[in-house]
Amino acid sequence: MSPGLQLADSASAAASKSIHRATNWLLSEQHERGYWWADLTADSTLESDYILLELWRHPPVAGVWQPHRRVEAAVSAILDRQNSDGGFSIYAGGPSEISACVKAYFALKVSGVEVQSKPMKTLRDRILALGGIQAANSYTKLNLSLFDLYPRHGVPTVPPEMMLMKEAIYEMSSWTRAIVVPLAITQALVFAQPKGRPVPDGFDLSEIFLPGVSTDFAPSDRFFSRKSFFHKVDRCLKLWERFGSNWVRNRAIEKAKTWMLERLEYSDGLGAIYPPMMYSIMALDVLGYRKDDKVVVEAVRQFENLIVEDGDRFFFQPCFSVVWDTAIAAHALGSTRLAPSEAMKRCGDWLLTKECRRKGDWSIKRPDLEPSGWYFEFANEYYPDIDDTAMVLLALKETGATDRTALAATSRRAVDWLLGMQSADGGWAAFDVDNNWQFLSDVPFADHNAMLDPTCPDITGRVIEALVTWGVPASDSPIQRGVQFLLDSQESDGSWYGRWGVDYVYGTFLALRGLRAAGVDDREAAVLRGGEWLRSVQNADGGWGESCASYDGSGFVAAGSTPSQTAWAVLGLLAGGDETSESVIRGVAYLADNQREAGNWDEQLATGTGFPKVFYLNYHLYRNSFPVLALAEYLKHRPPSD
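Keep in mind that this is a model prediction, so the values were computed, not measured.

Right, let's get into the pattern of salt bridges. What the rule picks out here adds up to 36 salt bridges. For Arg-177, the salt bridge is made with Asp-361, and the minimal N-O distance between the two is 2.9 Å. Of this pair, Arg-177 sits in helix H7 (residues 174–191) while Asp-361 sits in the loop between helix H13 (341–353) and helix H14 (386–399), and the two are 184 residues apart along the sequence. As far as the burial class goes, Arg-177 and Asp-361 line up, both buried. Two residues, Glu-465 and Arg-513, come together in a salt bridge whose shortest N-O distance is 2.8 Å. One end of the pair, Glu-465, is in helix H16 (residues 457–469); the other, Arg-513, is in helix H18 (residues 504–517), and 48 residues separate them in sequence.

The next subject is the packing of aromatic side chains. Under the defined criterion, the tally for this structure stands at 36 aromatic pairs. Residues Tyr-506 and Trp-568 carry aromatic rings whose centres are separated by 4.7 Å and whose planes lie at 65° to one another, so their mutual orientation is edge-to-face. With Tyr-506 in helix H18 and Trp-568 in helix H21 (residues 563–575), this pair connects stretches of sequence that are 62 residues apart. According to the relative accessible area criterion, Tyr-506 is buried, its value standing at 0%. Using a relative accessible area of 0% as the deciding quantity, one classes Trp-568 as buried. With 6.1 Å between their ring centres and 75° between their planes, Trp-568 and Tyr-622 make a pair best called edge-to-face. Of this pair, Trp-568 sits in helix H21 while Tyr-622 sits in helix H23 (residues 622–637), and the two are 54 residues apart along the sequence. Accessibility expressed as a relative area gives 2% for Tyr-622, which makes it buried.

This part is about H16. Here H16 spans 18 Å end to end across 13 residues, near enough to the 18 Å set by a 1.5 Å rise per residue. Of all 13 residues in H16, 11 are buried, a share of seventy percent or more. Among the residues of H16, Pro-457, Asp-458, Ile-459, Thr-460, Gly-461, Arg-462, Val-463, Ile-464, Glu-465, Ala-466 and Leu-467 are the ones counted as buried. Buried residues along H16 sit in contact with helix H12 (322–336), H14, helix H15 (404–420), helix H17 (477–489), H18 and H23.

Turning our attention to unusual backbone geometry. One non-glycine residue, Asp-148, lies in positive phi territory at about 60°. Locating Asp-148 in the fold gives a position in the loop between helix H6 (138–145) and H7. The phi angle at Ala-272 is positive, at roughly 55°, despite the residue not being glycine. Tracing the backbone through its elements, the reader meets Ala-272 in the loop between helix H9 (246–264) and helix H10 (274–286). Residue class for Ala-272 comes out buried when judged on its relative accessible area of 2%.

Here H12 is 15 residues long and its end C-alpha atoms lie 21 Å apart, about the 21 Å a rise of 1.5 Å per residue gives. Within H12, 15 of the 15 residues are buried, leaving the element largely enclosed by the surrounding structure. Of the residues one or two after H12, Arg-337 is the one with positive phi, at around 60°.

Bringing the environment of Gln-565 into the picture now. As for its placement among the helices and strands, Gln-565 is situated in helix H21. Residue classification places Gln-565 among the buried positions, given a relative accessible area of 1%. Excluding its chain neighbours within four sequence positions, the residues that come into contact with Gln-565 are Val-502, Val-505, Trp-544, Gly-545, Glu-546 and Thr-607. A distance of 3.0 Å separates a polar atom in the side chain of Gln-565 from the backbone nitrogen of Glu-546.

Conventions we followed
- Residues numbered from 1 in each chain as written.
- Predicted model: local features only at pLDDT ≥ 70, side-chain atom pairs only at ≥ 80, totals over all residues.
- Heavy atoms only, no water.
- Salt bridge = Lys/Arg side-chain N within 4 Å of Asp/Glu carboxyl O.
- Helix = DSSP H or I, 4+ residues; strand = E, 2+ residues; numbered from the N terminus.
- Buried < 20%, exposed > 50% of the residue type's maximum accessible area, 1.4 Å probe, protein only.
- Phe/Tyr/Trp six-rings, centres within 6.5 Å; stacked < 30°, edge-to-face > 60°.
- Expected span 1.5 Å × (residues − 1).
- Contact = heavy atoms within 4.5 Å.
- Polar contact = N/O pair within 3.5 Å; in protein donor to acceptor, adjacent residues only side chain to side chain.

This is the structure:
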């Protein structure tokens with residue numbers, strides 16, 4: 001037997017053994033009701049913002065602020081992630097980032113950490129080296145301005161009057177509008193007062209302002225640039241705040257309040273994600289709601305549900321990833337053909353209960369489309385998303401359901417909903433259709449780098465796969481338009497950009513799976529180039545790894561191998577027709593060799609993307625679900641030898 005065949009046989013045998021152990025582990029993690037739900041973690045900014053919110057909700061008494069137990073736990077959680085240079089990063093192994101550093105400094109100082117202690121001195125030095133508090137992003141400075149810890153003139157105005165501009169807010173991404181509506185209420189009502197929210201006596205952040213650097217909200221250097229234009233608009237808005245019509249402003253705030261209250265219904269908090277949930281609590285407070293009002297109590301309860309506190313750990317999740325976790329795990333397990341049908345149907349039955357049947361924000365542009373789709377969390381009826389819907393459809397094809405009639409009706413609605421949510425360029429975005437007003441990315445409060453929700457290759461590839469799997473002919477126009485979008489969006493090096501996973505490995509694997517589902521021949525140039533790119537970035541240990549820094553320079557940046565990214569690369573190569581290359585075999589061997597005895601995998605690096613360049617995610621089930629799918633796909637092409 002040739003060395004190549006021996007290597008392939010060895011990999012197949014190892015894959016077979018590995019997939020049995022991994023399947024058993026995944027099944028052991030299934031909840032009784034049928035779903036999977038793992039931790040979702042991010043960076044220290046969540047704990048820092050929590051301390052800011054607690055200062056807001058429980059202001060100082062007689063000038064003294066006494067942190068409670070959870071604040072102390074948050075302080076410990078922040079300090080545990082301090083970098084050796086004194087700063088804080090936004091992803092594991094990344095460089096210190098100015099906004100994360102400023103947020104941490106405020107949170108630690110206000111909680112009583114001594115400013116002359118080593119952690120605070122090194123953090124202060126790092127902040128000044130990075131440009132001081134003046135270099136932080138708009139949201140960091142805006143939050144601090146609510147306490148008069150940053151000059152009001154130095155932050156962008158988030159005008160509630162945008163609510164009066166017909167449907168303009170629906171040209172922002174869904175997560176941005178959920179953030180800025182309660183934030184606009186909060187800023188307007190706080191800035192209407194001569195003083196901001198109270199802080200402890202004598203508390204300020206003067207030591208982290210870089211001397212000689214202005215705090216003015218300065219326009220762009222280019223006089224005729226869009227950013228310069230929006231800065232001039234911001235100046236006008238600041239004049240409006242002082243001299244404008246109170247009637248107009250009050251009407252705008254009332255409309256914003258109504259919008260917010262409507263979207264607090266049928267959800268795990270506003271938008272069911274951390275930032276709008278936090279701002280909604282602030283907004284309700286400045287609107288005059290009592291702390292014991294049922295709306296406030298529920299908003300706080302949902303926010304605090306994001307806390308994970310088990311004695312050894314304290315951290316905030318940015319949201320609940322339960323539907324997403326469940327769909328990926330079920331799709332992977334179904335591909336193995338090893339999971340008991342009872343467990344799979346229990347999962348399918350649970351997923352059917354989570355179909356969205358109410359019209360949400362997406363219906364502004366698609367008013368005649370019947371509601372369907374799935375959201376990410378336990379409840380978020382206004383915001384089903386396209387990616388989750390495609391992933392759930394792939395899962396349901398594997399799980400089936402007890403009620404076959406309900407399954408058939410649900411899948412039909414979901415397929416129709418996906419078809420109706422295709423954008424004009426042929427691709428699919430996350431939550432909306434044609435959400436691509438590029439000039440909005442230049443508004444002063446858009447530096448969270450996620451003002452828009454444009455179409456992207458990763459979601460488009462998954463949607464094509466789901467639609468074809470559920471019977472949409474590959475020859476139909478929506479599929480062909482999606483294929484053309486993928487062909488047009490391929491990078492010059494053969495890869496595809498991944499908006500929701502890090503980064504080009506993620507985008508490439510999903511684009512190749514979409515092209516395969518659509519019947520694109522694996523000898524086509526785009527497919528060959530995608531596979532060649534994946535092989536070219538394989539690590540020496542046989543795995544694949546990509547850093548979040550890929551987003552910073554618009555090009556692949558290698559990192560240590562991870563189970564999830566290795567699985568993505570193997571899946572991409574298999575989708576491209578590469579079933580026997582040394583790259584595939586070594587990738588499979590990496591997964592088998594790095595599996596833990598219990599059947600799961602370890603992974604420290606962030607492989608999920610929230611806002612590129614700003615916020616990254618660790619999905620703790622990725623490392624275990626995607627390897628199962630990759631091993632199952634590999635063994636379909638090459639059954640283990642005797």
